[in-house]
Structure formats: structure tokens, C-alpha cells
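These are the residues of each chain, in order.
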Amino acid sequence: MQLQFQKNNMIVVPTILEKDIALAEIKIRLIKDISRWMQIDVIDGYFTDGKSFELELLNKMEKEIQSNLLDIHLMVKEPIKWIEKCNFVGACRIIGQVEMMSDREEFVNEIKNMGLDAGLAFDIDTEIKNIPKETDLVLLMGRKSGFGVLEFDEKVCEKIKKLVDLKNEEELDFEIGVDGGVDEKVINKIKKLGVSIAYCGGAIFNGMVNDNFEKLKYASNN
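Residues numbered from 1 in each chain as written. Predicted model: local features only at pLDDT ≥ 70, side-chain atom pairs only at ≥ 80, totals over all residues. Heavy atoms only, no water.

Draft legend 1. Here's a closer look at the overall build of the protein. Along the protein, the regular secondary structure elements total seven helices and eight strands. The C-alpha atoms of the protein give 16 Å as radius of gyration, which agrees with the globular expectation for 222 residues (17 Å, within 12%). For the protein, the C-alpha atoms occupy an extent of roughly 45 × 40 × 30 Å along the three principal directions. A buried classification covers 54% of the 222 residues belonging to the protein. Counting every atom, the protein has about 10700 Å² of accessible surface; 46% of that belongs to carbon and sulfur. (Helix = DSSP H or I, 4+ residues; strand = E, 2+ residues; numbered from the N terminus. Rg over C-alpha atoms; globule rule 2.2 N^0.38 Å. Buried < 20%, exposed > 50% of the residue type's maximum accessible area, 1.4 Å probe, protein only. Areas by Shrake-Rupley, 256 points an atom, 1.4 Å probe, with all protein chains shown as cover.)

Draft legend 2. Main features of the environment of A22. For A22, the location among the structural elements is in helix α1 (residues 21-31). For the pair A22 and L57, spaced 35 residues apart in the sequence, the C-alpha separation amounts to 10.0 Å.

Draft legend 3. A look at the pattern of salt bridges. One pass over the full model with this rule turns up 15 salt bridges. Across the pair E25 and R29 runs a salt bridge whose closest N-O atoms are separated by 3.6 Å. Here the residue E25 and the residue R29 both occupy positions in helix α1, the gap between them amounting to four residues, near one helical turn. Residue class for E25 comes out buried when judged on its relative accessible area of 12%. Since its relative accessible area comes to 42%, R29 is described here as partly exposed. Among the ionic pairs, K51 bridges to E54, the shortest N-O distance being 3.7 Å. The class for K51 is partly exposed, based on a relative accessible area of 48%. (Salt bridge = Lys/Arg side-chain N within 4 Å of Asp/Glu carboxyl O.)

Draft legend 4. Structural context of the nonpolar core. With 63 residues, the main nonpolar core has I72, I94, F107, I131, L140 and I204 as its most contacted residues. It is helix α4 (residues 155-169) that provides the largest number of residues to this core, a total of five residues. When near neighbours in sequence (up to four residues on either side) are disregarded, I94 contacts I72, L74, I83, C86, F107, I111, L116, D117, A118 and G119. (Core = buried A, V, L, I, M, F, W, Y, C linked by side-chain atoms within 4.5 Å. Contact = heavy atoms within 4.5 Å.)

Draft legend 5. Here's a closer look at a negative patch on the surface. A surface patch of negative charge is lined by D103, E105, E106 and E134. Along the chain, E106 turns up in helix α3 (residues 104-113). When its relative accessible area of 44% is taken as the criterion, E106 is described as partly exposed. (Patch = residues over 30% accessible without salt bridge, like charges linked within 9 Å, V, L, I, M, F, W, Y side chains within 5 Å. Lys, Arg positive; Asp, Glu negative; His and termini not counted. Charge placed at Lys NZ, Arg CZ, Asp CG, Glu CD.)

Draft legend 6. Examining a nonpolar patch on the surface more closely. Taken together, L23, I26 and L30 make up a surface patch of nonpolar side chains, about 260 Å² in accessible area. Residue placement: L30 occurs in helix α1. You can call L30 partly exposed: its relative accessible area is 40%.

Draft legend 7. Just unusual backbone geometry, in detail. Although it is not a glycine, E78 sits at a positive phi angle of roughly 50 degrees. Within the secondary structure, E78 sits in the loop between β3 (69-75) and α2 (83-88). With phi around 55 degrees, E171 is a residue other than glycine that occupies positive phi space. Inspection of the secondary structure puts E171 in the loop between α4 and β7 (175-179).

Draft legend 8. Structural view of the packing of aromatic side chains. Enumeration according to the criterion identifies zero aromatic pairs in this entry. Positioned above the aromatic ring of F47, the side-chain terminus of K144 is 5.2 Å from the ring centre. (Phe/Tyr/Trp six-rings, centres within 6.5 Å; stacked < 30°, edge-to-face > 60°. Lys NZ or Arg CZ within 6 Å of the ring centre and 35° of its normal.)

Draft legend 9. Geometry of the environment of D71. On the secondary structure map, D71 appears in strand β3. With 21 residues separating them along the chain, D71 and C92 place their C-alpha atoms 6.0 Å apart. Apart from the residues within four sequence positions on either side, D71 is in contact with W37, M38, Q39, I40, R93, I95 and Y199. Here the side chain of D71 touches Y199 through a polar contact of 2.7 Å, side chain to side chain. (Polar contact = N/O pair within 3.5 Å; in protein donor to acceptor, adjacent residues only side chain to side chain.)

Here you go:
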């Protein structure tokens, strides 16, 4: 079910990374009516330090977010083992970090066989290569993955350019997303480089959420 994006139009997706489900619920309620998409970040303590809330707890908010499209970013050991759990909570798109993934092709195919969108994520220092043809989204981290506040790393801009070249050379059909440190200052820049999805956490939730979201959307297109 590849989800189509309007040409030349960037999607801004709020991201939620929390250890406590209560804090996640607060953020979900703040953005559920202003953004069709939301991303839930999952950390298991293996790929990076810390651990996010149990994913199954999202089902307690099932009725509240049933009109939203759920994107789940797996920063975990063997993301393929989490696919059923993601499907259980109603994910539309599942993204796995390649660094702890044994078989990218198998990961993508299993998600596609469920009728969901499949994405691969590359950490800031991970080389971009071996992207299966059926991949719907390639997510580049704009900073080191995990908890903590880190600034956008400009070296991801060169990675975006390389990814666009690879996409064209291999005639692949995936969207490009960037996650980590994306704010008003860089969002239009990465769009011009070929990014169609901007994942934003602090830039949305630090301050007035509605205003921040609108400012990001405006900045991405001006």
C-alpha cells in the first residue's frame, strides 16, 4: 500500500520518543488533531542506551488515534522480530535501523506482505548501500540515534545527495526522510536536496505545539 506524496510537497511528521507512556500520551493528544501522521520511536536498550515504553500500551489509545497514520521507527536488535507487534498496534509504516538487522530484504518483504509500508533507517555514520527494491522509505538520521538532545549534523546533507544519486542510478522508488535535529533553520534546505518527509520532535514539542507545527510546514515550503 505505498503511501503517495504530493509532488514538491514535504510532509512534517511529529516524532514521539518517551520512556513513560504517560508522557507519550500527552504528546499524542497534542498532535493527533493537527497532524495526520505521527511517529512512535522504539528503543530496546541494545542499539542505543535507554528503553522506550512498551509498544503494546499504544492500544489503550486506539480509539483516540484511529484516524491517524502511525509510523513506527524501530531502533532495536533484529527489527524483524518487532513487525507483528507493530502490526498489532495498527502501524501503517514500519522503519527499522539497518545496523542491527540481519537481512534487509527479508525485513522489507515481511512488512510488504502485510500490506504495510517498509522503511530502512541509516544512522548518521552508517554508509548507505544495499537498499531492496521494494523499500518505500529510506530514513537518514540527522544526528546520532537515541535519547538526548543533539543538534542537526550537516554531514547528513552529503548523504542525502548520495542517496538521491543512488535512487536515480538504480531506478528505485522510495521516499527520503530525515529525522533528528530538523527545525525551521534546516527544513527547507533538506527539502531542496530531495527530502520529502521531515521528522520533528523538539522543534514541535518545545513550546506552542500548534504554532511550531505550522511554522515548520511554512518553512519547508518557503
